[in-house]
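Overview (structure and organization)
Spelled out from the first residue to the last, the chains are:
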Number of protein chains: 2
Amino acid sequence: MIDFQTALQPATSTNGSGISPVQTAVTAVAGFKAGGVACGIRKSGRLDLALIVADQPCTAAGVFTTNLVKAAPVLLDQAHLAANAGAIRALVINSGVANACTGEQGLADSLATAGHVAGLLGCAPEQVLVMSTGVIGLNLPMAKITGGASAAAEVVHLEGWQDAAQAILTTDTRTKQAQVTVETPHGTYTIAGISKGSGMIAPHMATMLGIIATDAAISAPLLQQALGAANDTTFNQIVVDGDMSTNDSVVAFASGASGVEITEDSGFKTFQKALGAVCEALAKDIVRDGEGASRLITLRITGAPSEVAARQVGMTIATSPLVKTAFYGADANWGRILAAAGRAGVAFDADHLALWIAPGEDAHLDEDAGWLQLVEQGAPLNYSEEDAGAIMAYPAVTAWLDLGAGQATSTVWTCDLSHEYVTINGHYRT
Amino acid sequence: MIDFQTALQPATSTNGSGISPVQTAVTAVAGFKAGGVACGIRKSGRLDLALIVADQPCTAAGVFTTNLVKAAPVLLDQAHLAANAGAIRALVINSGVANACTGEQGLADSLATAGHVAGLLGCAPEQVLVMSTGVIGLNLPMAKITGGASAAAEVVHLEGWQDAAQAILTTDTRTKQAQVTVETPHGTYTIAGISKGSGMIAPHMATMLGIIATDAAISAPLLQQALGAANDTTFNQIVVDGDMSTNDSVVAFASGASGVEITEDSGFKTFQKALGAVCEALAKDIVRDGEGASRLITLRITGAPSEVAARQVGMTIATSPLVKTAFYGADANWGRILAAAGRAGVAFDADHLALWIAPGEDAHLDEDAGWLQLVEQGAPLNYSEEDAGAIMAYPAVTAWLDLGAGQATSTVWTCDLSHEYVTINGHYRT
């Protein structure tokens, strides 16, 4: 009855493409130096300023929050990428203060930060990007930022990514890193990334950041195309609480130091897949580390009239507090999933809905994966609640909803909604 | 700076219109009998079946869930109202079982319920409406339903609304009742209503119901018009968790027994206002009794390019888990409110945003109401956190966001997101 072969495809399949499995630590990317320092923004003495430096001007791309309330660094980076995507030299990132809702002063501070780093490297300010993450509504402590950037410029090195990954965190409980190598007939290249994000805006925080670096050679427009596509199926498919930050940014840099050249006709498809694998790993790490999360939930929507419709259904289920609390309680509450799907604004016949659950993250495509069907033709089957509860108790669960209304699919990742989430976000700012 | 006179209008103003203040108990509506019995669906022996009977065929109107997954009673009522809105005799409501996701059997059971009541009253089944609320995916226990309906038909009386209000509850902690009288040159009439609802789907529940009765004489089409309009500004403006039930229904009945006739040219505007006041009181009672709610939050959006845009911003803020947890923590977290507004899909200039808070429900329109401005021109003011915290600690708080992008306004009501909400909805079904 279940046609596993055709109904489900893995979100990102890299089999046989020369792409290595995803490593969870970034070692080095030729052509880049990285590092992190404690410049005193965070009271705890934690690392709070990261610097990434390209040995030579590199190509760059970026995707940014579509929130109308955009932080100053987002506005600055959009301008600098529009003018200089072919010749970026550095990215400086501070945590602790988001420089959002700070008006003219905020823009001046971001520009001054870029100018300071440009002075250290001997390039133009327009060749430097800036990211900030942390409390909204506070101005950047500029003396600490410039002092920190100067110190960071002294310590950056080829294998300094661990410190950079640490320095960009806010409420995250751990670093997020991903790296793949790609073997091609022309040589081997690396794509690596670090990210941060936990709630979309943890105690008054402006959050999700992603930084990708590769030593492949790829033009800025082609890198932008690849990043946009990868973002659509990974970072844009995750939900912690449905809120969108003022600072969300993902940037990618390509140094070309591997000597492998990617063009539209040569190696682009594989590059796209490899970038997708890195972004997917980072995106899932954000959900797994979601505020108060105890469970990673993969939602596979199939049988939709279009991809947009499939995603809309997935995102509506993924943001439903009732679905998320049910997962927290390890309750196979199919009624809440169907009810959320029904209000997603997508046309389908409720009598054609089918729902399965399986243990694990992106559960396998065969019957050995332990799929349990809960709903057929829109009505519950006489399944064992005990079996369902056992699946729901796993730290990762996949739910598969078929709409019976077409051929399109989408995969969305979310986490459960726990008491701890309420505690984290209900606490008075400190 | 604050132009209170023009910027804010009360959500429903009934001043000088002959409409009484809203009473929170329904006493009697001429031309109707009501009652409730315990028929054994609920194990606790609680009242679980309500019956409303019109002495004569009455006009009726209804608004129903737009969820694609619609429960059987919703489908039945839509058909019966389409055929017989001018001559409805009764409404029978059971709690405990929602008769949703029950396929053909569910429709047959709803029809059999209507048929049984029609037999008791000597009318056609098409003159009877049915509502069900409770667990999704279970079939109606028909022997209990028909036995209960027979018993209820024996006990209904003019002043039986308390029992009816009690019998329709599920996870609600208290009944919701509202009643106004309207004095007109042609006599006095009454509009009364009862409702239920707490979470949109409490432990696997299908929820919000509203029942309105009036002894005014009003045609079915005009009653439908009035109910639709009242619903748009009240029941459609409340958020507990953003989830939409498979069973949401509001119906209105008009007996004409007061002798006061409402036509498009005579008294309709006042009738609309009075109906709005009843619906608003019931809607706010649902939010106040929201699952785990400790605070009623009124969101006034002004300065929007259109009413649709104003509502969209209000609903996005009202469903944001981060905003709702901040209210739970009595945290005047303006950054989360601005960030939610910014992702609502409405065009405005972030630098024109202004935000105030005041204690109380639908805070007054003058400066004596204790408004505290937190944000001006998109940036925080240097307000006292102590003052802000004191306002946020009230059991009801009004937040007023001006978008500076037009003249349109909308009012939305929501509640906070508490540990208790997670506990209620995370528990395994029992």
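The rules behind these values
Residues numbered from 1 in each chain as written. Chains lettered and ligands numbered in written order. Predicted model: local features only at pLDDT ≥ 70, side-chain atom pairs only at ≥ 80, totals over all residues. Helix = DSSP H or I, 4+ residues; strand = E, 2+ residues; numbered from the N terminus. Rg over C-alpha atoms; globule rule 2.2 N^0.38 Å. Buried ≥ 20, exposed ≤ 12 C-beta atoms within 10 Å, placed from the backbone. Contact = placed C-beta atoms within 7 Å. Domains from an automatic or database assignment. Nonpolar A, V, L, I, M, F, W, Y, C, P; charged D, E, K, R; others polar. Least-squares fit on C-alpha atoms with pLDDT ≥ 70 in both. Pairing = 2+ DSSP bridges. Axes fitted to C-alpha atoms, helices over the stretch in contact; angles between N-to-C directions.

A few words on the overall build of chain A. From N to C terminus, chain A includes 12 helices and 18 strands. Whereas a compact globule of 430 residues would reach a radius of gyration of roughly 22 Å, chain A reaches 22 Å, a difference of no more than 12%. With respect to the principal axes defined by its C-alpha atoms, chain A has extents near 70 × 55 × 30 Å. For chain A, the proportion of its 430 residues judged to be buried stands at 63%. Taking contacts inside chain A between residues at least 6 apart in sequence as the whole, the part at least 24 apart equals 82%.

Next up on the list: the domain arrangement of chain A. Accessible area lost during the coming together of the parts is what is often quoted as the interface size. Residue and element names in this part refer to chain A. Partitioning chain A into domains gives domain 1 (32-288) and domain 2 (292-426). For domain 1 versus domain 2, the distance between C-alpha centres works out to 32 Å. At the level of secondary structure, the elements contributing two or more residues to the side of domain 1 that touches domain 2 comprise strand S10 (238-239) and helix H7 (268-288). By residue number, the principal contributor to the side of domain 1 that touches domain 2 is H7, which donates four residues. Here the residues of the side of domain 1 that touches domain 2 are counted per class, giving seven nonpolar, three polar and two charged.

With that out of the way, let us pick up the relation of the copies chain A and chain B. Applying a rotation about an axis and a shift along it to one chain copy brings it onto the other copy. Mapping chain A onto chain B leaves a residual RMSD of 0.1 Å; the transformation is a rotation of 180 degrees accompanied by 0.0 Å of translation along its axis. Both chain copies can therefore be described as sitting about a two-fold axis. Scanning chain A for the C-alpha nearest the rotation axis identifies His419 of chain A, at a separation of 2.7 Å. Interface residue correspondence from chain A to chain B reaches 100%, placing this contact among same-surface, isologous pairings.

This part takes up the interface of chain A and chain B. With 49 residues of chain A at the interface, the matching set in chain B holds 49 residues. Mapped by element, the contributors of at least two residues to the side of chain A that touches chain B are helix H9 (321-328), helix H10 (334-342), strand S16 (379-380) and helix H12 (419-426) of chain A. In terms of residue count, H10 of chain A provides more of the side of chain A that touches chain B than any other element does, six residues in total. For the side of chain A that touches chain B, the residue count by class is 21 nonpolar, 21 polar and seven charged.

All names here are of chain B. Spatially, the seven strands line up as an open sheet ordered S10-S18-S13-S17-S14-S15-S16, and their pairing is mixed. Of all the strands in the sheet, the pair left with one neighbour each is strand S10 (238-239) and strand S16 (379-380). In terms of strand pairing, strand S14 (residues 354-359) meets strand S17 (residues 396-402) through six bridges, oriented antiparallel. Following the sheet pairing, Pro359 is matched in S17 by Val397. On the sheet, helix H7 (residues 268-288) packs against S10, strand S13 (296-304) and strand S18 (408-415) and is oriented at approximately 40 degrees with respect to S18. Against the sheet, helix H11 (residues 385-392) engages S14, strand S15 (372-376) and S17, with an angle of about 55 degrees to S14.

Right, let's get into unusual backbone geometry. Excluding glycine, residues mostly carry a negative phi; peptide bonds, for their part, are mostly trans. Even without glycine at this site, Ala330 of chain A takes up a positive phi of about 55 degrees. By the element assignment, Ala330 of chain A lies in the loop between H9 and H10. Even without being a glycine, Asn99 of chain B presents a positive backbone phi close to 50 degrees. Position of Asn99 of chain B among the secondary structure elements: in the loop between strand S3 (88-97) and helix H3 (103-121). Taking the number of C-beta atoms within 10 Å as the measure of exposure, Asn99 of chain B has 32 and is therefore buried.

Our focus in this paragraph is H10 of chain A. Residues and elements named next belong to chain A. Buried residues dominate H10, accounting for nine of its nine residues. Restricting attention to buried positions, one finds in H10 the residues Trp334, Gly335, Arg336, Ile337, Leu338, Ala339, Ala340, Ala341 and Gly342. In this structure, the buried side of H10 is in contact with helix H8 (307-319), H9, strand S14 (354-359), strand S15 (372-376), S16 and strand S17 (396-402).

Residues and elements named next belong to chain A. The buried count for strand S6 (residues 187-196) comes to eight of 10 residues, which makes it a mostly enclosed element. Here nine bridges tie strand S5 (residues 176-184) to S6, and the two strands are oriented antiparallel to one another. By the bridge assignment, Ala178 is partnered in S6 with Gly193. Following S5, the chain reverses through two residues before pairing antiparallel with S6. Judged from the six bridges that link them, S6 and strand S8 (residues 209-214) form a sheet pairing that is antiparallel.

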